[in-house]
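# Structural characterization, general
Each chain is listed here by its residues.
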Amino acid sequence: MKDGAPLRESPFKGKTGIARLINALGYSFDGLRAAFRHEDAFRQLVLLSAVLIPLAFFVHAAPLARALLIASSLATLIIELLNSAIEAAVDHTSLERHPLAKRAKDMGSAAQLLGLINLAVVWGVVLFG
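Residues numbered from 1 in each chain as written. Predicted model: local features only at pLDDT ≥ 70, side-chain atom pairs only at ≥ 80, totals over all residues. Heavy atoms only, no water.

The next point concerns helix α2 (residues 40-56). An ideal rise of 1.5 Å per residue puts 24 Å on 17 residues; α2 measures up with 24 Å between its terminal C-alpha atoms. Along α2, the residues that are buried comprise Phe42, Leu45, Ser49, Leu52 and Ala56. Buried residues along α2 sit against α1 (17-38), α3 (63-93) and α4 (99-128). (Helix = DSSP H or I, 4+ residues; strand = E, 2+ residues; numbered from the N terminus. Expected span 1.5 Å × (residues − 1). Buried < 20%, exposed > 50% of the residue type's maximum accessible area, 1.4 Å probe, protein only. Contact = heavy atoms within 4.5 Å.)

In C-alpha cells:
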C-alpha cells in the first residue's frame with residue numbers, strides 16, 4: 001500500500017483451477033515461441049541442448065550423473081529465458097542508455113555465463129572424472 005491506498009491485484013489474475021493451468025500453459029508456450037523467434041542465443045542453446053540431451057543417454061554414467069548432464073543443459077535454457085525477459089523489460093521501459101539498465105542486462109548475461117561454465121564443468125566431471 002502506498003499512502004493508504006488499497007493494494008490492487010492485476011486484472012489479468014482471475015482464473016482459477018484448470019482454466020488457470022490451461023492459460024498458464026498457453027502463456028508458457030507463447031514465451032518459448034517468442035524466445036525461439038526473437039533470440040539468437042536461445043536458438044543456439046536449443047541446438048546445443050538438442051545435441052547434448054540425447055548424448056547424455058549414450059554416455060556411460062550413473063543415472064544421477066546422467067540427470068545432472070540433462071539438468072545442466074536445461075538450466076542454460078532457463079537462464080537464457082530469464083535473461084531475455086530482463087532485456088525485454090528493460091528495453092520496454094526505455095531504449096535510452098542508463099547505468100541501471102546496463103547493470104541489469106550485464107547481470108543477466110553474467111548469469112548465463114555461469115550457467116555455461118556449470119554446463120562445461122558438469123560434462124567435464126562426468127566424462128573425465
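The subject of this paragraph is the side chain of Glu80. Looking at the secondary structure, you find Glu80 in helix α3. No salt bridge is formed by the buried Glu80; its nearest oppositely charged neighbour, Arg43, is found at 10 Å. If sequence neighbours within four positions are ignored, Glu80 has contacts with Ala41, Phe42, Leu45 and Gln112. (Lys, Arg positive; Asp, Glu negative; His and termini not counted. Salt bridge = Lys/Arg side-chain N within 4 Å of Asp/Glu carboxyl O.)

A few words on α3. Between its first and last C-alpha, α3 extends 45 Å over 31 residues, near the 45 Å set by a 1.5 Å rise per residue. Listed in full, the buried residues belonging to α3 are Ala65, Arg66, Leu69, Ile70, Ser72, Ser73, Thr76, Leu77, Glu80, Asn83, Ser84 and Val90. Of the surrounding elements, those touching the buried residues of α3 are α2 and α4.

For Leu68, the location among the structural elements is in helix α3. Classification of Leu68 as partly exposed rests on a relative accessible area of 45%.

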